[in-house]
Amino acid sequence: MDLIKGSIRVPEHVAFSSQIPWIFNGTMQENILFNRPLEKDRLHDVLHACYLYPDLEVLPNGLDTLVGERGVQLSGGQRARLSLARAVYGKEDIVLLDDPLSAVDTKCAHGIMNRLVKKFLSGKTILLVTHNVNYLQELDHIVVLKNGTIVEQGPWSKISNNLDNLVAGETTPGTVVGPGQSAKLKDVLSTSKSKLTRPKGEEDRKTGSISKATYFKFFALGFGPPALPLIVVFIAAAQTLKIISENTGLKWVRLNHYQDYYTFVILSVAAVFAYFLFSYYVVFVTMRSSKRLHMKCIRAVLKSPLRYFDVTPIGSIINRFSKDTFYMDEKITFSFSSFFIIFLTFSASMILMTIANYYFALILLPMMVLIGFITRFYLKTSVEIRRLESMRKAQRKEVRPCL
């Protein structure tokens, strides 16, 4: 409706229940309370008034049942009544109800009108939008709209005389209008009796360490299957040249041979160049892999059916294109470069010390076993913590507008 003349004033606190229910990924109780304090007596009255107790009896965990993203675990009627319960749980004096009876069957609609509108919300100002003319006689003032224009208004005694002409062709399918007749709405309440403890909308989380095949696939996206072996060749060549140049430098200092000096300079420059090639190649491969993987994710999301968005948390999708992409662009490059350099430097040092004094191997073997055990323990813990952190951030990124 457009304002033609006059003014519109909106109170500070208004309760609103939309025709299309908005449900967030949480429990039944969390959706009703909506971060408001728990009042058990009032919650009991709201559940009774909104006809939710029969549904809580068949849900796996009652009020603690997770409803999933957009309430995919619930039927259309259950979502409508859950959204209605959230609106009336507060103590606002003005309540706006946008066709709350359209998604429920006749029994529920009758119970909501008697328990909620006539009793629980008595004494409050209620603006009820509905196509169901069978409950109009329960209302104090009726406004009939057609194409955004008021065609009639007044009490039931005035509207009922011209009811047939006003609603001709405007009633919804399944509604029969006539003296003494009640609405025959299609029953859309298909209560789920599934005993699933995890809703369809909850994000799956893998457990255990990341497989080596995952790393090979990531690098293969950047430069094909030879990508990872070439990285190893570059860093091995750089580390070998570095060790040889250091030994040549020591020999030159001790013997003062100019020939060793030129060899030391050439090997040092070659080692620096090899490190440069290694660093450049790692950055090139990881960035190219990240870009291709990002484009694959975009194409997969854009080509996904609507069902995918109904059962997948929005926060999880946002995570794929925000934090996960950041890790691919920034963290993986630095982590892999550091890993290869430290690993080969450590290995070369251990080999040289063992060659110099083979008794060092007696200490080296148990030390490597201990380091391997600590590393495996750390990686398992770190990976699981990162996965839990990602899931929690996905939940916080869900959009939760206020009433």
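Look up a bit, the structure's there.
Below, the structure is looked at part by part. Note that this is a predicted model, so its numbers are computed, not measured.

Digging into the overall build of the protein chain
Phase 1 of the analysis: When its secondary structure is counted, the protein chain shows 14 helices and 5 strands.
Phase 2 of the analysis: Counting all 403 residues of the protein chain, 34% fall into the buried class.
Phase 3 of the analysis: The contacts in the protein chain between residues at least 6 apart in sequence include a share of 75% that link residues at least 24 apart.

Topic: the packing of helix H2 (residues 40–49) against helix H5 (residues 106–120)
Phase 1 of the analysis: Where H2 meets H5, the closest approach of the two axes is 8 Å, and the angle between their N-to-C directions is 140°. When the axes of H2 and H5 are compared, the pair comes out oblique. On the side of H2, the interface is formed by Arg42, Asp45, Val46, His48 and Ala49, while H5 contributes Gly111, Ile112, Arg115, Leu116 and Phe120.

A look at the sheet that holds strand E3 (residues 125–129)
Phase 1 of the analysis: Strand order in this open sheet of 3 strands is E1-E2-E3, and the pairing throughout is parallel. Both edges of this open sheet fall to strand E1 (15–17) and E3, since each of them pairs with a single strand only. Averaged over all adjacent pairs, the angle separating strand axes in this sheet is 10°, with direction ignored.
Phase 2 of the analysis: Pairing of E1 with strand E2 (residues 94–98) involves 3 bridges; the strand directions are parallel. Across the sheet, residue phenylalanine 16 finds its bridge partner in E2, namely leucine 96.
Phase 3 of the analysis: Running over the sheet, helix H4 (residues 76–89) touches E1 and E2 and is turned about 175° from E1.

Regarding the nonpolar core
Phase 1 of the analysis: Counting residues in hydrophobic clusters, the biggest one holds 35 residues, and the most contacted among them are Ile32, Cys50, Val88 and Leu116.
Phase 2 of the analysis: Elements supplying a minimum of two residues to this core: helix H1 (28–33), H2, H4, E2 and H5.
Phase 3 of the analysis: With 7 residues, the top contributor of residues to this core is H5.
Phase 4 of the analysis: Residues within four places of isoleucine 32 in sequence aside, it is in contact with Leu43, Leu47, Leu52, Leu63, Leu82, Ala85, Arg86 and Tyr89.
Phase 5 of the analysis: Counting residues in hydrophobic clusters, the runner-up holds 17 residues, among them Phe219, Ile231, Ala274 and Phe336.

Structural notes on the side chain of serine 337
Phase 1 of the analysis: Residue placement: serine 337 occurs in helix H13 (residues 323–356).
Phase 2 of the analysis: Judged by relative accessible area, serine 337 falls into the buried class, the value being 15%.
Phase 3 of the analysis: Beyond its immediate sequence surroundings of up to four residues, serine 337 is in contact with Phe278 and Val282.

A closer look at the pattern of salt bridges
Phase 1 of the analysis: Throughout the structure, instances matching the rule amount to 6 salt bridges.
Phase 2 of the analysis: Residues glutamate 138 and lysine 118 are paired through a salt bridge, measuring 3.1 Å at the closest nitrogen-oxygen approach. With a gap of 20 residues between them, glutamate 138 in the loop between E3 and strand E4 (142–146) and lysine 118 in helix H5 connect regions that are remote in the sequence.
Phase 3 of the analysis: Accessibility expressed as a relative area gives 37% for glutamate 138, which makes it partly exposed.

Quick notes on unusual backbone geometry
Phase 1 of the analysis: Backbone geometry places tyrosine 51, a non-glycine residue, at a positive phi of 60°.
Phase 2 of the analysis: Here tyrosine 51 is to be found in the loop between H2 and helix H3 (53–58).
Phase 3 of the analysis: When its relative accessible area of 13% is taken as the criterion, tyrosine 51 is described as buried.
Phase 4 of the analysis: In the Ramachandran plot, aspartate 99 falls in the positive-phi region, its phi being about 50° despite a non-glycine side chain.
Phase 5 of the analysis: Structurally, aspartate 99 can be placed in the loop between E2 and H5.

Thoughts on the packing of aromatic side chains
Phase 1 of the analysis: All told, the structure shown has 9 aromatic pairs when counted by the stated rule.
Phase 2 of the analysis: Judged by centre distance (5.7 Å) and plane angle (45°), the rings of tryptophan 22 and phenylalanine 24 are tilted.
Phase 3 of the analysis: The exposure class assigned to tryptophan 22 is partly exposed, which follows from its relative accessible area of 26%.
Phase 4 of the analysis: Measuring from ring centre to ring centre gives 5.8 Å for phenylalanine 339 and phenylalanine 343, while their planes differ by 15°; the resulting arrangement is stacked. Highlighted residues: phenylalanine 339 and phenylalanine 343, both in helix H13, separated by 4 residues, approximately one helical turn.
Phase 5 of the analysis: Between arginine 86 and the ring centre of phenylalanine 34, over which it is positioned, the NZ or CZ distance is 5.5 Å.

Points about a nonpolar patch on the surface
Phase 1 of the analysis: Together, Phe223, Leu230, Phe273, Phe276, Tyr280 and Phe284 make up an exposed nonpolar region whose accessible area comes to about 610 Å².
Phase 2 of the analysis: The element best represented in the nonpolar patch is helix H10 (residues 258–302), accounting for 4 residues.
Phase 3 of the analysis: Classification of tyrosine 280 as exposed rests on a relative accessible area of 52%.

Rules used throughout
Throughout, residues of each chain are indexed from 1 in the direction in which the sequence is written. Only residues with pLDDT of 70 or above have their local features reported here, since the model is predicted, and side-chain atom pairs are shown and tallied only from 80 upward, although totals for entire chains, interfaces and linings are computed over all residues. For side-chain calculations, the full set of non-hydrogen atoms in the structure is used, while hydrogens and water are omitted. Labels follow the DSSP assignment, with helices taken as runs of H or I lasting at least four residues and strands as runs of E lasting at least two, numbered in each case from the N terminus. Note on classification: 1.4 Å probe, protein chains only; a residue is buried when its accessible area is under 20% of the maximum for its type, exposed when over 50%, partly exposed between these limits. What makes two residues a contact is simply this: any of their non-hydrogen atoms within 4.5 Å. Here, axes are lines fitted to C-alpha atoms. For helices the fit covers the stretch in contact, and angles between N-to-C directions go from 0 to 180 degrees. For classification, angles of less than 35 degrees are called roughly parallel, those exceeding 145 degrees roughly antiparallel, those between 65 and 115 degrees roughly perpendicular, and all remaining angles oblique. DSSP-based pairing: two strands are paired if at least 2 bridges between them are found. For the purposes of this section, nonpolar cores are sets of buried Ala, Val, Leu, Ile, Met, Phe, Trp, Tyr and Cys residues that join through side-chain atoms within 4.5 Å. Salt bridges are identified by distance alone: a Lys or Arg side-chain nitrogen within 4 Å of an Asp or Glu carboxyl oxygen. Pairing of aromatic side chains here covers Phe, Tyr and the six-membered ring of Trp, requires ring centres within 6.5 Å, and sorts the geometry by plane angle: under 30 degrees stacked, over 60 edge-to-face, intermediate tilted. Two conditions define a charge sitting above a ring: the NZ of Lys or the CZ of Arg must be within 6 Å of the ring centre, and it must be within 35 degrees of the ring normal. A patch consists of residues whose relative accessible area exceeds 30% and which take part in no salt bridge; residues with like charges are grouped when within 9 Å of each other, and nonpolar side chains (Val, Leu, Ile, Met, Phe, Trp, Tyr) when within 5 Å. Here, Shrake-Rupley sampling with a 1.4 Å probe gives the accessible areas, and only protein chains in the shown set may cover a residue.

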